[in-house]
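Breakdown of the fold
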Amino acid sequence: QDLAQELDKDARAVDLVTDYARTGADGDITITDEDARRVMGALGLTGEKSLRQIKALSGGEKARVALSMFSLKASNLLMLDEPSNHLDVGCIQGLANALSGWGGKDELQDGAVVVISHDREFCDQVGFTHVGTVTDGKLKLEQRSLQESDWEQYDIGAKLV
């Protein structure tokens with residue numbers, strides 16, 4: 001969300017995504033506009049939206065441009081803090097689908113995703129393989145999926161009844 005506010009307002013969305021994916025030490029010059037538009041479409045920027053200037057996009061659409069940029073850039077660690085905030089249902093679904101395949105045998109990416117989220121439905125859709133909890137300032141990392149008990153501390157309303 002923060003990166004979305006720093007995007008060049010006069011640039012076309014697809015140009016920002018392809019330029020970012022092609023440059024830098026981990027850039028891939030073979031990334032095409034079609035690759036970028038495919039990723040952007042999966043995140044809900046379909047049709048001519050990917051061809052618009054950043055200044056013509058909503059805040060949520062700008063966030064999707066930023067997510068598209070990260071999706072096409074090789075990384076071995078992706079850290080996301082409350083990634084489903086400010087996104088509509090379709091974009092959340094696209095993000096969950098992309099993250100659930102991260103590092104799979106058919107994927108080009110090989111690495112880890114660290115997600116901090118209080119969005120139970122989003123976390124269930126991603127299907128995490130490890131769960132980290134912090135208690136008394138210490139991190140406990142377990143190789144398992146999320147369990148109902150992981151959410152109990154956040155079900156404040158249920159405890160008040």
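Before any of the text, the structure's been laid out above.
To start, this report covers the structure provided alongside it.

**Structural notes on the side chain of S50**
The topology assignment puts S50 in the loop between α2 (33–42) and α3 (59–71). Separated by 3.4 Å, the side chain of S50 and the backbone oxygen of G47 make a polar contact. Beyond its immediate sequence surroundings of up to four residues, S50 is in contact with A13, V14, R37, M40 and L45.

**Some points on the packing of aromatic side chains**
Applying the stated rule across the entire model yields 1 aromatic pair. Ring plane angle 85° and centroid distance 6.2 Å describe the contact between Y20 and F70, whose orientation is recorded as edge-to-face. Of this pair, Y20 sits in helix α1 (residues 13–22) while F70 is found in helix α3, placing the two residues 50 residues apart along the sequence. By relative accessible area, which is 29% here, Y20 ends up partly exposed. F70 gets classed as partly exposed once you look at its relative accessible area, which sits at 34%. Over the face of the ring belonging to Y20 we find K73, whose NZ or CZ atom lies 4.7 Å from the ring centre.

**Overview of the packing of α1 against α3**
At a minimum axis distance of 8 Å, the contact between α1 and α3 shows a crossing angle of 25°. Here α1 is positioned roughly parallel relative to α3, judged by the angle of their axes. When you trace α1 past α3, the crossing you get is right-handed. Here α1 contributes A13, L16, V17 and Y20 to the contact with α3, which in turn contributes V65, S68, M69 and F70. The residue makeup of the contact of α1 with α3, split by class, is 7 nonpolar, 1 polar and no charged.

About the criteria used
Residues numbered from 1 in each chain as written. Predicted model: local features only at pLDDT ≥ 70, side-chain atom pairs only at ≥ 80, totals over all residues. Heavy atoms only, no water. Helix = DSSP H or I, 4+ residues; strand = E, 2+ residues; numbered from the N terminus. Polar contact = N/O pair within 3.5 Å; in protein donor to acceptor, adjacent residues only side chain to side chain. Contact = heavy atoms within 4.5 Å. Phe/Tyr/Trp six-rings, centres within 6.5 Å; stacked < 30°, edge-to-face > 60°. Buried < 20%, exposed > 50% of the residue type's maximum accessible area, 1.4 Å probe, protein only. Lys NZ or Arg CZ within 6 Å of the ring centre and 35° of its normal. Axes fitted to C-alpha atoms, helices over the stretch in contact; angles between N-to-C directions. Parallel < 35°, antiparallel > 145°, perpendicular 65-115°, else oblique. Left-handed = near helix turned anticlockwise from the far one by under 90°. Nonpolar A, V, L, I, M, F, W, Y, C, P; charged D, E, K, R; others polar.

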